[in-house]
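Spelled out from the first residue to the last, the chains are:
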Amino acid sequence: MITFEEAKTRLEVVGQSHLLRFWPELSEEEKSRFLGELSELNIKELEDHCRGATKAAFGQQTSLQDGLHREMEPVPPEFIGGVKRSDKNTLDDWENEGILQISRNKVAVLLLAGGQGTRLGVPYPKGMYSVGLPSKKTLYQIQAERIRKVQELAAGKHGSKCTVPWYIMTSEFTLDPTEKFFRENHHFGLDPGNVVMFEQRMVPAVGFDGKLLLEQKGKIAMAPDGNGGLYRALVDNQVLEDMEKRGVEYLHVYCVDNILVKMADPVFIGFCVRKGADCGAKVVEKAYPEEPVGVVCQVGGVYQVVEYSEVLPETAKLRGAAGELVYSAGNICNHFFTRDFLRSVTQHFQGELKQHVALKKVPFMDEEGNLVKPSKPNGIKMEKYVFDVFQFSKKFVVFEVPREEEFSPLKNADGAALDTPTTARRSLLAQHYRWALAAGATFLDHQGAPLPPEPCRTSQDEDPPVVCEISPLVSYFGEGLEQLLKDKAITCPFILDEVEAEKLLKN
Ligand SMILES: CC(=O)N[C@H]1[C@@H](OP(=O)(O)O)O[C@H](CO)[C@@H](O)[C@@H]1O
């Protein structure tokens, strides 16, 4: 660890000595913690970081958008594979391929869970959120149970026990609470040895004057380095080595907030493997021009995602001859990577990942030592994006899935128009209702009279006609329900968990 004098000299060189303004007021413990933090700062990187942040935040954004506007081209429709575009045999074929790879222990999932959930407004990790399902399950529990089920399906089909390891990238904000939550919940029935948590790095937030901000008198305001911090974190934590040891070759990367996420989706994995892809993205058709999703497209002939915060509104609004959005391949943050591809990214391209700029409200200590919670943005956060590695792929594929089956993200608190706990809950319950109807169930009203099966709803504006929740431990994606529900009369609310499934099997 460096001494105070060393810290002072280093910070003076890069014009950041204000960070030591409150030094005399710190306790011995705070001083030692702060020096520890300052020792870890790479001064050269810090200088570049601050200069880069202010330059990028002021002036470059518009020219970046203009440049994108000129160079963007949509993904040619024939390039996109997908559920609605394929017949049942082909889909079964991909699914079988995916299940085979899972049964051979070659598939893992990786969760991006370092974010702070600012928009949702909870002080704990988003994965711990419960959207108010009858079972009260949290996002983490739903995801864990889907892993258990997909392992069971693969083992059942190929006759040998198999494991889908779950890698979870957390940050300084989310690691401790996530670990504690998993421990308290006995890892939701998963073997703790197959749940691997690791931490992404934090980078300093920079004030508009290029100076770092203090969050406390002895602590710099830091933020996670974006979900593209994954690649550095893979190296820092030797995650690829762990995958290699386990024989994992294919990775399904996803972000925490999509309640419909198909963990280690066999169809997507099978599609990517059959196409010989090293990198792939799942998309849904974008719903409306302003929808906050990135779009998969080409820029200068290279596949990449252009994030919603960086696309010009007029580009997002462009429509084709039939009125369809030109840029309609909406990124749902579900990516496929081979381990070899990730290895080459970490070895050769990590330093080339673009820095994206976000202007944020960063609480800070003012000169008098008062904590200020700004009402408008005062700080620059630099982030990397997970999809910025697509450009390095030798064989990139795009896979389109139906939104109502696979995408309903939890971004905002209730009260917002979209992507709230209510819309997430409705999407899941509507899906389970569709599965139950397709399996031949009849639902009864409060008087015991059969309800007419209503057509599948895709609207999130209202609750589905009945409350029906199916545990992922009973069905991963609607399979296996006929033997339980065909010609059964069901009263609601209906929670189909393993106990209920046993009972139905006996009836
Ligand atoms: C950097 C990144 O991965 N951004 C993703 C991610 O956005 P957030 O607003 O950061 O949650 O999830 C969106 C889907 O929910 C996706 O469309 C977008 O491109």
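Structure: see above.
As the structure is a computational prediction, the values presented were derived from the model and not from experiment.

A.B. asks: Please set out the overall build of the chain residue by residue, giving values where relevant.
C.D. replies: Of the regular secondary structure elements, the chain holds 15 helices and 24 strands. For a compact globule of 507 residues, the expected C-alpha radius of gyration is about 23 Å, and the chain comes in at 24 Å, within 12% of that figure. Counting only C-alpha atoms and orienting by the principal axes, one finds that the chain spans roughly 80 × 55 × 45 Å. For the chain, the residues scored as buried account for 55% of the 507 residues in total. Long-range pairs, those at least 24 residues apart, make up 76% of the contacts in the chain between residues at least 6 apart in sequence.

A.B. asks: Now, about the sheet that holds strand S16 (residues 356-360): what can you tell me, with residues and values included?
C.D. replies: Backbone hydrogen bonds hold the strands of a sheet together, and the pairing may be parallel or antiparallel. Ordered by their spatial adjacency, three strands build an open sheet running S7-S19-S16, and the pairing between neighbours is antiparallel. Strand pairing shows two members of the sheet lacking a second neighbour, strand S7 (206-207) and S16, which therefore form its edges. Inspection of the sheet shows S16 paired to strand S19 (residues 379-383) by five bridges, in the antiparallel sense. Pairing of His356 across the sheet is with Glu383, part of S19.

A.B. asks: Could you give an account of the site of the ligand, with specific residues and numbers?
C.D. replies: Among the 13 residues in the neighbourhood of the ligand, the closest are listed as Asn227, Glu307, Tyr308, Asn331 and Lys411. Between an oxygen atom of the ligand and a side-chain N or O atom of Asn227, the distance comes to 2.8 Å. One of the side-chain nitrogen or oxygen atoms of Glu307 is found 2.6 Å away from an oxygen atom of the ligand. Coverage of the ligand by the protein chains reaches 90% of its 450 Å² of free accessible surface. Here the shell around the ligand is built from residues that sort into seven nonpolar, three polar and three charged.

A.B. asks: Could you give an account of the environment of Pro313, naming the residues involved and the relevant values?
C.D. replies: In this structure, Pro313 sits in helix H10 (residues 313-317). Sequence separation of Pro313 and Phe79 is 234 residues, and the distance between their C-alpha atoms is 25 Å.

A.B. asks: How would you summarise the packing of helix H1 (residues 4-13) against helix H2 (residues 28-40) if you had to cite specific residues and measurements?
C.D. replies: One way to put it is that H1 packs onto H2 with a least axis distance of 10 Å and a crossing angle of 45°. Taken together, the axis directions place H1 and H2 in an arrangement best described as oblique. Crossing handedness for the pair H1 and H2: left-handed. Counting all contacts with H1, which are made through Phe4, Ala7, Arg10 and Leu11, the residues of H2 involved are Leu35, Leu38 and Ser39. Here the residues of the contact of H1 with H2 are counted per class, giving five nonpolar, one polar and one charged.

A.B. asks: Go over the nonpolar core with me, naming the residues and quoting the values.
C.D. replies: With 48 residues, the main nonpolar core has Ile102, Val109, Leu111, Tyr140, Trp166, Ile168 and Phe182 as its most contacted residues. In this structure, Leu111 is in contact with Tyr140, Gln143, Trp166, Tyr167, Ile168, Met169, Tyr254, Cys255 and Val256, ignoring residues within four places of it in sequence. In this structure, Leu110, Leu251, Tyr303 and Cys333 belong to the second largest nonpolar core, which totals 41 residues.

A.B. asks: Outline unusual backbone geometry, supporting the account with residue identities and numerical values.
C.D. replies: Of note, the amide linkage connecting Cys492 to Pro493 takes the cis form, showing an omega dihedral of 0°. The phi angle at His186 is positive, at roughly 50°, despite the residue not being glycine. As for its position among the elements, His186 is in the loop between helix H6 (175-184) and strand S5 (195-199). For His186, a relative accessible area of 63% gives the class exposed. Its identity is not glycine, yet Phe188 carries a phi of approximately 50°, on the positive side. On the basis of relative accessible area, Phe188 is assigned to the buried category, the value being 7%.

A.B. asks: Help me get a handle on the pairing of strand S20 (residues 396-400), residues and values and all.
C.D. replies: Of all the five residues making up S20, five are buried; the element is thus mostly covered by neighbouring parts of the structure. The two faces of S20 match: Phe396, Val398 and Glu400 on one face and Val397 and Phe399 on the other face are all buried. With three bridges connecting them, strand S2 (residues 80-82) and S20 associate as parallel partners. Its bridge partner lying in S20, Ile80 is registered against Val398. Pairing between strand S12 (residues 279-285) and S20: five bridges, direction parallel. Bridged to Gly280 within S20 is Val397.

Calculation rules
Residues numbered from 1 in each chain as written. Predicted model: local features only at pLDDT ≥ 70, side-chain atom pairs only at ≥ 80, totals over all residues. Heavy atoms only, no water. Helix = DSSP H or I, 4+ residues; strand = E, 2+ residues; numbered from the N terminus. Rg over C-alpha atoms; globule rule 2.2 N^0.38 Å. Buried < 20%, exposed > 50% of the residue type's maximum accessible area, 1.4 Å probe, protein only. Contact = heavy atoms within 4.5 Å. Pairing = 2+ DSSP bridges. Near = heavy atom within 4 Å. Polar contact = N/O pair within 3.5 Å; in protein donor to acceptor, adjacent residues only side chain to side chain. Areas by Shrake-Rupley, 256 points an atom, 1.4 Å probe, with all protein chains shown as cover. Nonpolar A, V, L, I, M, F, W, Y, C, P; charged D, E, K, R; others polar. Axes fitted to C-alpha atoms, helices over the stretch in contact; angles between N-to-C directions. Parallel < 35°, antiparallel > 145°, perpendicular 65-115°, else oblique. Left-handed = near helix turned anticlockwise from the far one by under 90°. Core = buried A, V, L, I, M, F, W, Y, C linked by side-chain atoms within 4.5 Å.

That's the geometry; what it means functionally is another story.
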